[in-house]
Every structure is written in C-alpha cells, then in structure tokens.
Amino acid sequence: MNNLFKKLFIRFRLQKEIVHHNDLGVKVIGIGGCGGNIVGYLYSKYGDNVDCIYCDRDAEAIDNSLLPVKILINENVEDSSDDIRSIFSQKTNVVFIVVGIGGRTGATVVRFIVKICRELGIPTVLIAVTPFSFEGARKEINAFEIIKEMSSEVDFEMIYSNNYLFSKYGKSSITGAFDMCSESICKMVMNISKLYYE
Ligand SMILES: Nc1nc2c(ncn2[C@@H]2O[C@H](COP(=O)(O)OP(=O)(O)OP(=O)(O)O)[C@@H](O)[C@H]2O)c(=O)[nH]1
Ligand SMILES: [Mg+2]
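Let me sum up the structure you'll find in this document. (Residues numbered from 1 in each chain as written. Chains lettered and ligands numbered in written order. Predicted model: local features only at pLDDT ≥ 70, side-chain atom pairs only at ≥ 80, totals over all residues.)

## Things to note about the overall build of the chain
Per the secondary structure count, the chain includes eight helices and six strands. The secondary structure elements of the chain, listed N-terminal to C-terminal, are α-β-α-β-α-β-α-β-α-β-α-β-α-α. Here the chain, with 198 residues, has 37% of them falling under the buried criterion. When contacts within the chain are restricted to residue pairs at least 6 apart in sequence, those whose partners lie at least 24 apart make up 71%. (Helix = DSSP H or I, 4+ residues; strand = E, 2+ residues; numbered from the N terminus. Buried ≥ 20, exposed ≤ 12 C-beta atoms within 10 Å, placed from the backbone. Contact = placed C-beta atoms within 7 Å.)

## Here's the deal with the sheet that holds strand β4 (residues 94–100)
Spatially, the six strands line up as an open sheet ordered β3-β2-β1-β4-β5-β6, and their pairing is parallel. Single-partner strands in this sheet number two, and they are β3 (69–72) and β6 (156–161). Between one strand axis and the next, the sheet turns by 15 degrees as a mean value, whatever way the strands run. Across five bridges, the pairing between strand β1 (residues 26–31) and strand β2 (residues 51–56) is parallel. (Pairing = 2+ DSSP bridges. Axes fitted to C-alpha atoms, helices over the stretch in contact; angles between N-to-C directions.)

## Points about the nonpolar core
Core analysis: the biggest nonpolar cluster contains 48 residues, and Val 28, Ile 97, Val 98 and Val 110 have the highest contact counts within it. Not counting the four nearest positions on each side in its chain, Val 28 is found in contact with Val 39, Leu 42, Val 50, Cys 52, Ile 53, Phe 96, Val 98 and Val 189. (Core = buried A, V, L, I, M, F, W, Y, C linked by C-beta atoms within 7 Å.)

## Some details on the site of ligand 1
Lining the immediate environment of ligand 1, one finds 18 residues, of which Gly 32, Gly 33, Gly 100, Gly 102 and Gly 103 sit closest. Going through the elements one at a time, α2 (32–46), α5 (104–120) and α8 (174–193) are the ones with two or more residues in the shell around ligand 1. The element best represented in the shell around ligand 1 is α2, accounting for four residues. (Near = placed C-beta within 6 Å.)

## Thoughts on the pairing of β4
Most of β4 is tucked away, with seven of its seven residues classed as buried. Sheet topology note: the β1/β4 ladder contains six bridges and is parallel. If you follow Lys 27 over to β4, its bridge partner there is Val 95. This β-α-β element, β4 to α5 to strand β5 (residues 124–130), shows right-handed connectivity. (Right-handed = clockwise from strand over helix to strand, strands pointing away.)

The following block contains the structure:
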C-alpha cells in the first residue's frame, strides 16, 4: 500500500469505527510496539466499550494489527497532527496513553500526543512501561527522564516496571509475564472507564 492510500484507508476506518463504538468517550491509544501489544490485548478482550487506537512508525506492525483505528507515523511526527486531532475531536472524556518508554518511537510520539491532548484540554492518563535493565542503562535513563517530564503534563501517570514484572511472573515465560501486565492495565482502564457510563 502506498502512503496516500494508507492515509485514506485510515481516515475511512476512523470515521466508520467511531460511529459504531458506543458513546463513552474513552479513548485508549497504544504507541509503538509495546503500546500496540497492550491495546491489542485490551481490544481483543474488552474492545467494544472503548475506542482503541494504534500509533506506530512500524508499517508492518500497523498492517498486522487488528486494532480498528491505526495511524502510521512517518519520520516527522508533526505530519500526523491532523489525524490525531481528528480522533480526539470526536467525543473524548479521557485519553489513556499506553507506551513502552524504552523504545525510540514510544519516547518521541508520547510527548507529541500528550501535547495535543493538553492543547485540546482533554484529561490524560499516561500508562508507561519501563524497560528491562538488560536493555541497557541508556534506555533506563531515557525512560526516567520521560516519566519526570510527563508528570507535570498529564493528569495521572502510572508506571509499570518490566523488571518487576519479570522478577514476579517471568520465570516460566516472558509472554505470560507480558499478558499479566496487559491484563492488569486492561482492568485498570476498564474500571476507570465505568465512571463514564451515564
Ligand atoms: N510489558 C510489555 N513490555 C513490552 C512489550 N513490548 C515491548 N515492551 C517493552 O517496551 C519497550 C519499548 O519497545 P517497543 O514498544 O517495541 O519500542 P517502540 O516504541 O516501538 O520503538 P522502536 O525502537 O522505534 O521500535 C521495550 O524496551 C520493552 O521493554 C509488551 O508487549 N509488553
Ligand atoms: Mg517499534
């Protein structure tokens, strides 16, 4: 698919899906590989109640994702500004932003999305997954810089530590540990979302 066609396709999906979702005004956006996995998990289990969105620079991952609304970010994240704003201009009571802050995509795109939410006056909950120590000190330092920076930008920030996750659940399998993490995030998102039932 060339880029123009992809963009049109995304716009079409966007309008179609938002009409069919119910009207809670809860949006959950997964950024990068980690965010996409966790929001994909949420969509497969609880997806009818919230609007699930996936945002990544990885074209293949975007193509393979079953999430209903997808935004392929190119080198310049600013180019996706209109797409992101058009999603949030539909009824939005709260945005949950889910991201692994050890990766390059997650770290840059999260700042941009938080900025847009602030400009639009939308409450945001940041759910940030910190990298494993074995991924290197640089990633850990970047992750903690993002956490610190975002703490004054978002309304609520939750940190999930992959180190802790691995020590507690990772002994048998890393996939199982990731599922535990996704499940716990889903429960939290769904519980908060219940506040928006009228
Ligand atoms: N809990 C959990 N953590 C994940 C998962 N996938 C990746 N991670 C963590 O998230 C961090 C960021 O990885 P990705 O999300 O793949 O990176 P990205 O944001 O796509 O950035 P790129 O480097 O551009 O690919 C990694 O360092 C891992 O620690 C997942 O499915 N669950
Ligand atoms: Mg990636």
